[in-house]
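Understanding the architecture of this molecule
The residues making up each chain are set out below.
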Amino acid sequence: MLEKIRQKQFKFIGARLIKTGIAVYVAALICNFFNLPAAFAVITSIVTLEPTAAASIRKGIKRFPATLIGAALAVTAVSIFGHNAASYAIAAVFTIYACNLLHLEVGTLVATLTAVAMIPGTEGTYFLSFVERAGTTTIGLTVSALVNFSILHPRFSELIAEKNEKITREITEVLEKRTRELCEDKPAGKSTRQRFQQLQKEVNRAEDLAYYQREEWKYHRYSAKYIDFFTYENRRLEALERMVYHINSLFVLKEVEDNFHEGEKELCSRAFQSIITVLRHPEHVVSTEHHDLISEVDHHFWHIQETHPDMISYRYHHQFSKEIIVYYVILSLHDRLEDMEQLYERHKKKHGSSA
């Protein structure tokens, strides 16, 4: 328990947090140097710090004009309605509308914050107020992009590797629970479905990390070894994602067919357990016993196809029976296991046993 708490505390102090602190400090320092209010620059630098430099630059290009729109609308609202509730509402609504109309959605939040936050301090010469607020917000945007681009370049491959290990563990646990339910002629339980939905979310998060890493390659150089490591983990992730896609078919089934007798259920249970064993192996080694099980499943799969070419139920024509779907999932998962085994072998051959 104490070890977990220490790990969470260590992870809390990450590159993103450090870069946020640096961006806030630099933005405030610049504003103080030019005797400008630092609040707008600080807020903007916090809100606009993205996971990658590529995202900061791409979104910054749209956030800058959006900020100018928000500032201009705030000054206009104050000049017409004064410092009252109507000015806040009008500035916020028209800023959001203008950003959406001009396809500047990524800048809507910063622009709206700028618009409503500058209303209380807008007095006297409205044009100077506009220039001052737009300038400080621009400082925040620029500083966050530069800090993200130049300091502590993100390395997402390690995070993807951690996600892959977690996804693998989750797949084995979901498979165990769902296999047990199928063999007992039960639909997927609530806890099993929730576990599978969480697994799908983990896959989506890992895919986001892979996207971020590819984006970083546009602006930062990485060693050939690091690129190989990313390629290996990304291909692992692709194989795991396909496995999750196939497992989803098991959740469509409420129960297996009546003609799916105990011997076939026992075969499927052993096949799924063998798949789980291979997944839990660090090198995903596919044993001879596993191949024998898959051959038996493959024989049953094609036997059903030959002996029952048309699966017909009341009023509806079904191309695949429930038992064929179960066999198909097993064979598909096995194909992905072979992909992962070969992938590991190639990676190990290239980088040695420490890979």
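Residues numbered from 1 in each chain as written. Predicted model: local features only at pLDDT ≥ 70, side-chain atom pairs only at ≥ 80, totals over all residues. Heavy atoms only, no water.

A tally of regular secondary structure across the protein gives 13 helices and two strands. For the protein, the proportion of its 355 residues judged to be buried stands at 41%. Looking at the protein alone, contacts between residues at least 24 apart form 78% of all its contacts between residues at least 6 apart. (Helix = DSSP H or I, 4+ residues; strand = E, 2+ residues; numbered from the N terminus. Buried < 20%, exposed > 50% of the residue type's maximum accessible area, 1.4 Å probe, protein only. Contact = heavy atoms within 4.5 Å.)

With 19 residues, helix α11 (residues 262-280) should cover 27 Å at 1.5 Å per step; its first-to-last C-alpha distance of 27 Å lies within 8% of that length. Of the positions making up α11, those classed as buried are Glu264, Lys265, Leu267, Cys268, Ala271, Phe272, Ser274, Ile275, Ile276, Val278 and Leu279. (Expected span 1.5 Å × (residues − 1).)

Backbone phi values are negative for most residues with the exception of glycine, while trans is the configuration of most peptide bonds. Notably, His103 is not glycine yet its phi reads approximately 60°, a positive angle. Unusually for a residue other than glycine, His284 sits at a positive phi of about 55°. In this fold, His284 is placed in the loop between α11 and α12 (288-307). Its relative accessible area of 4% is what places His284 among the buried residues.

This part takes up the nonpolar core. In terms of nonpolar packing, the biggest core is built from 47 residues, with Ile171, Leu175, Met243, Phe272, Ile275 and Ile330 touching the most fellow members. Sorting the residues of this core by element identifies α8 (156-183), α9 (190-216), α10 (224-252), α11, α12 and α13 (322-351) as the ones contributing at least two each. Apart from the residues within four sequence positions on either side, Met243 is in contact with Ile171, Ile275, Leu279, Leu333, Arg336, Leu337 and Met340. (Core = buried A, V, L, I, M, F, W, Y, C linked by side-chain atoms within 4.5 Å.)

In this section: the environment of Glu184. Among the secondary structure elements, Glu184 is positioned in the loop between α8 and α9. The exposure class of Glu184 is partly exposed, given its relative accessible area of 43%. Residues Glu184 and Lys265 lie 81 residues apart in sequence; the distance between their C-alpha atoms is 9.1 Å.

For the rest of this paragraph, the subject is the packing of aromatic side chains. In this structure the tally under the stated criterion is six aromatic pairs. Measuring from centroid to centroid gives 4.5 Å for Phe196 and Phe251, while their planes differ by 20°, and the two rings are stacked. A residue pair is termed long-range when its members are at least 10 positions apart, and Phe196 in helix α9 and Phe251 in helix α10 qualify at 55 residues. Comparing Phe196 with Phe251 shows no difference in burial state: the two are buried. Arranged with centres 5.1 Å apart and planes meeting at 85°, the rings of Phe301 and Trp302 form a pair that is edge-to-face. (Phe/Tyr/Trp six-rings, centres within 6.5 Å; stacked < 30°, edge-to-face > 60°.)

Below, the discussion takes up a nonpolar patch on the surface. A cluster of nonpolar side chains, contributed by Ile43, Leu109 and Leu113, occupies part of the molecular surface with about 250 Å² of accessible area. Mapped onto the elements, Leu113 comes out in helix α6 (residues 108-118). (Patch = residues over 30% accessible without salt bridge, like charges linked within 9 Å, V, L, I, M, F, W, Y side chains within 5 Å. Areas by Shrake-Rupley, 256 points an atom, 1.4 Å probe, with all protein chains shown as cover. Salt bridge = Lys/Arg side-chain N within 4 Å of Asp/Glu carboxyl O.)

Glancing now at the confidence of the model for the protein. A residue-level look at the protein finds 88% of positions with pLDDT of 70 or above and a mean pLDDT of 84. No element of the protein has a lower mean pLDDT than helix α1 (residues 2-12), at 45, and none a higher one than helix α5 (residues 85-101), at 94. Note on residues 1-10: pLDDT under 50 across the span, and zero contacts to partners over four residues away in sequence or across chains. Across residues 311-318, confidence stays below pLDDT 50; counting only partners more than four residues off in sequence or on other chains, it has ten contacts. (pLDDT = per-residue confidence, 0-100.)

For helix α4 (residues 53-81), which comprises 29 residues, the first-to-last C-alpha distance of 40 Å matches the rise-based estimate of 42 Å (1.5 Å per residue) to within 8%. Helix geometry: α4 is bent most strongly at Gly60, by close to 35°. The positive-phi residue at the C-terminal boundary of α4 is Gly82, with phi of around 80°. (Bend = angle between axes of the 7 residues up to and from the residue.)

What follows deals with the state of the cysteines. All chains considered together, the criterion is met by zero disulfides. With no disulfide of its own, Cys183 lies closest to Cys268 among cysteine sulfurs, the gap being 7.0 Å. (Disulfide = S-S within 2.5 Å.)

Time to look at the environment of Ala38. In this structure, Ala38 sits in the loop between α2 (15-33) and α3 (39-47). Each C-alpha atom, one on Ala38 and one on Ala27, is 7.2 Å from the other, the two residues being eleven residues apart in sequence. The contact partners of Ala38, leaving out residues within four places of it in the chain, are Ala28, Cys31 and Asn32.

For the structure on display, the rule yields 19 salt bridges. Between Glu170 and Arg195 there is a salt bridge, and its shortest N-O distance comes to 2.9 Å. Placement of the pair is Glu170 in helix α8 and Arg195 in helix α9, with a sequence separation of 25 residues. Residue classification places Glu170 among the buried positions, given a relative accessible area of 13%. Under the relative-accessibility criterion, Arg195 is labelled partly exposed at 27%. Two residues, Arg336 and Asp339, come together in a salt bridge whose shortest N-O distance is 3.0 Å.

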